[in-house]
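Tertiary structure, described
Residue-level listing of the chains:
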Amino acid sequence: MPEPAELNAAERLATLAFDDMRRVDALILDRLQSHVTLIPELARYLIEAGGKRVRPMITIAAANMIGCRDEAPIKLAAAVEFIHTATLLHDDVVDESGMRRGKAAANLVWGNASSVLVGDFLFARSFSLMVEAGSMKALGVLSAAASTIAEGEVRQLAAVKDTGVSVETYLEIIDAKTAALFAAAAQVAGIVAARPIVEEKALETYGRELGLAFQLVDDALDYDGAAAKLGKSVGDDFREGKVTLPVALSILSADDEQRAFWDRVIGQLDQHDGDFETALAYMREHKAIEATIEAAHNRAAKARQALAIFPANEWRLALEALASFVVTRAH
């Protein structure tokens, strides 16, 4: 085991939340049970593939930070992980992904139909857990987040190959498809703890800004990072014709020749050997990747600032460190 000083912020938070997360994991495994063998088999394949459980850990850490140690946060954390896993299963089908968390995507192993249907099963399980948590408001927040995620994915799908996607539209898409669940995961801890609305809102802001920073870094790493950092192939977004922030910023600064390049490789998805390297060169010329990482730093700072109203206990410090760590993945 590494010494605590050698652990990154996510690992330190996992160590701090170890006991509660064991309860969350046990609940997840229990609720994966089904007489249909394929369901637990496929779901476990993804859930046990090495994900850091960041979203449910946020629920657990936020609850502990504000002194809520009953069963409700455990159930809600498990629900958050089920929602996240369901969206991964559906996303990989839509994106035709080949890798997830360093392993073959589930849809390549079991097929698209099975992945979609098991994702539906996990959504259903998540709603059962929300009901058991006993808070209609928390149920409303998480169910709204699930709807928002779907809307964000549809908007992203509609924006594929659209070189006219603005920076504002891009931010709206990632706010929906990624940040919404981070925000809900943090907010529901304040709800079940019956904290004042100002604290509940602060938790929601923390989660949202953290989620935005997380996605911004992922989008930067897709062009200028190691595949091992992402658990997926570098250049996936490029090959799929997605207009993420590095692309949107490069298009904004492009001359006529560069704009024609982006129209071909993204707008028409007419890509040839060497095009990815050319895209990287244009991004570096316009400092688009650096600007994306800087935007992530700004979001992480806002996440840390949102926690200032809470006592500076070990849980708050761990959540602040997590926000910083999300951005350091880019270095």
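Here's what I pulled together on the structure shown here. These numbers come from a predicted model, not from an experiment.

This next bit is on the overall build of the protein chain. Per the secondary structure count, the protein chain includes 17 helices and 2 strands. A compact globule built from 331 residues would reach a C-alpha radius of gyration of about 20 Å, and the protein chain, at 20 Å, matches this within 12%. C-alpha atoms of the protein chain, sized along the principal axes, occupy 60 × 45 × 40 Å. Looking at the protein chain residue by residue over its 331 residues, the buried ones come to 55%. Charged side chains of the protein chain number 34 positive and 48 negative; the gap between the two group centres comes to 5 Å.

This part is about a nonpolar patch on the surface. On the surface, Ile197, Val198 and Ile309 cluster together into a nonpolar patch covering about 300 Å² of accessible area. With respect to the helices and strands, Ile197 occurs in helix α10 (residues 197-224).

Moving on to the packing of aromatic side chains. Here the structure, examined in full by the defined rule, presents 6 aromatic pairs. Their ring planes at 80° and their centres at 6.4 Å tell us that Tyr223 and Phe238 sit as a pair that is edge-to-face. Here Phe238 lies in helix α12 (residues 236-240) and Tyr223 lies in helix α10, a separation of 15 residues in the sequence. One exposure class covers both Tyr223 and Phe238, and it is buried. When the ring of Phe261 is compared with that of Trp262, the centres are 5.2 Å apart and the planes differ by 70°; the resulting orientation is edge-to-face. Under the relative-accessibility criterion, Phe261 is labelled buried at 8%. Ring-pair connections join several aromatic residues into one group, and the members of that group are Tyr223, Phe238 and Phe276. For Arg55, the ring lying beneath its charged end belongs to Phe214, and the centroid distance is 5.5 Å.

Conventions adopted
Residues numbered from 1 in each chain as written. Predicted model: local features only at pLDDT ≥ 70, side-chain atom pairs only at ≥ 80, totals over all residues. Heavy atoms only, no water. Helix = DSSP H or I, 4+ residues; strand = E, 2+ residues; numbered from the N terminus. Rg over C-alpha atoms; globule rule 2.2 N^0.38 Å. Buried < 20%, exposed > 50% of the residue type's maximum accessible area, 1.4 Å probe, protein only. Lys, Arg positive; Asp, Glu negative; His and termini not counted. Charge placed at Lys NZ, Arg CZ, Asp CG, Glu CD. Patch = residues over 30% accessible without salt bridge, like charges linked within 9 Å, V, L, I, M, F, W, Y side chains within 5 Å. Areas by Shrake-Rupley, 256 points an atom, 1.4 Å probe, with all protein chains shown as cover. Salt bridge = Lys/Arg side-chain N within 4 Å of Asp/Glu carboxyl O. Phe/Tyr/Trp six-rings, centres within 6.5 Å; stacked < 30°, edge-to-face > 60°. Lys NZ or Arg CZ within 6 Å of the ring centre and 35° of its normal.

Taken by themselves, the reported measurements are silent on function.
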